[in-house]
Amino acid sequence: MLEKTGVPEPEQVKKITPSEERFQKGPVAVVECFQNIPCDPCRYACRQGAIKEFEDINDLPVIDHELCNGCGLCISECPGLAIFVIDATYGKEEGLIKLPYEYLPLPGQEEEVTGIDTEGQAVCGARVVKVQNTKALDRTPVVTLAVPRQHLMRVRSFVRKGGE
Ligand code: SF4
Ligand code: SF4
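These figures come from a predicted structure and were not determined experimentally. (Residues numbered from 1 in each chain as written. Chains lettered and ligands numbered in written order. Predicted model: local features only at pLDDT ≥ 70, side-chain atom pairs only at ≥ 80, totals over all residues. Heavy atoms only, no water.)

1. With respect to the overall build of the protein
(1) Moving on: The number of helices and strands found in the protein is four helices and seven strands.
(2) Moving on: Secondary structure elements in the protein, listed N-terminal to C-terminal, are α-α-α-β-α-β-β-β-β-β-β.
(3) Moving on: Over its C-alpha atoms the protein spans a radius of gyration of 15 Å, differing by no more than 12% from the 15 Å that the globule rule assigns to 164 residues.
(4) Moving on: Counting over 164 residues, the protein shows a buried share of 46%.
(5) Moving on: A fraction of 60% describes how many contacts in the protein between residues 6 or more apart in sequence connect residues 24 or more apart.
(6) Moving on: Accessible area for the protein stands at about 9,300 Å²; split by element, carbon and sulfur atoms hold 49% of it.
(7) Moving on: The positive charge centre, built from 19 side chains, and the negative charge centre, built from 25, are 4 Å apart in the protein. (Helix = DSSP H or I, 4+ residues; strand = E, 2+ residues; numbered from the N terminus. Rg over C-alpha atoms; globule rule 2.2 N^0.38 Å. Buried < 20%, exposed > 50% of the residue type's maximum accessible area, 1.4 Å probe, protein only. Contact = heavy atoms within 4.5 Å. Areas by Shrake-Rupley, 256 points an atom, 1.4 Å probe, with all protein chains shown as cover. Lys, Arg positive; Asp, Glu negative; His and termini not counted. Charge placed at Lys NZ, Arg CZ, Asp CG, Glu CD.)

Structure (structure tokens):
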């Protein structure tokens with residue numbers, strides 16, 4: 001399915017999902033990179049050494065979730081837009097997802113949007129908590145969404161009201 005549609009199988013996602021114990025400790029990166037392609041900037045973006053050294057540039061990234069502090073520096077460095085930072089400790093009902101977002105116009109803070117999954121299907125209502133678009137992000141802005149906790153591992157992008 002992945003090769004044809006770009007959508008990973010649930011089993012693939014399960015393998016790279018941090019443990020519930022790790023989620024309870026605070027923000028953590030989820031690296032949804034499933035294809036062996038010549039690419040490794042995530043490895044060099046991480047100052048915590050959480051993304052292990054690649055033996056070959058075609059390797060899939062391997063992350064040590066215990067070393068990851070959820071800083072999010074790797075998000076905009078990934079040309080595959082495959083890295084997300086999830087904070088399941090944000091609130092009782094809501095958690096946060098930091099995601100790369102390369103569409104214009106950018107949403108505004110507190111804007112209500114619709115969270116969508118990797119297939120582009122609507123998952124839930126979401127709220128824009130923060131928009132980062134500094135020069136250092138090199139034209140890959142990072143948007144932080146608040147979503148219901150049960151959808152933290154499903155929402156991977158969003159559409160604005162009116163379909164943008
Ligand atoms: S979020 Fe920060 S600490 Fe975690 S893998 Fe990315 S760069 Fe490393
Ligand atoms: S930078 Fe992104 S696409 Fe490239 S290896 Fe790392 S996670 Fe995969």
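2. Describing the site of ligand 2
(1) Moving on: Around ligand 2 sit Val31, Cys33, Cys39, Pro41, Cys42, Pro61, Cys78, Pro79 and Ile83, and those are all the residues in its vicinity.
(2) Moving on: Split into classes, the residues belonging to the shell around ligand 2 amount to nine nonpolar, no polar and no charged. (Near = heavy atom within 4 Å. Nonpolar A, V, L, I, M, F, W, Y, C, P; charged D, E, K, R; others polar.)

3. Overview of the pairing of strand S1 (residues 28–31)
(1) Moving on: Burial along S1 is two-sided: Val28 and Val30 facing one way and Ala29 and Val31 facing the other are all buried.
(2) Moving on: One ladder, built from four bridges, connects S1 with strand S2 (residues 83–87); its direction is antiparallel. Each residue of the ladder has a partner; that of valine 30, found in S2, is phenylalanine 84. (Pairing = 2+ DSSP bridges.)

4. A closer look at the site of ligand 1
(1) Moving on: Taken together, Ala29, Cys46, Gln48, Ile51, Ile63, Cys68, Asn69, Gly70, Cys71, Gly72, Leu73 and Cys74 are the residues near ligand 1.
(2) Moving on: Looking at the shell around ligand 1 residue by residue, the class counts come to eight nonpolar, four polar and no charged.

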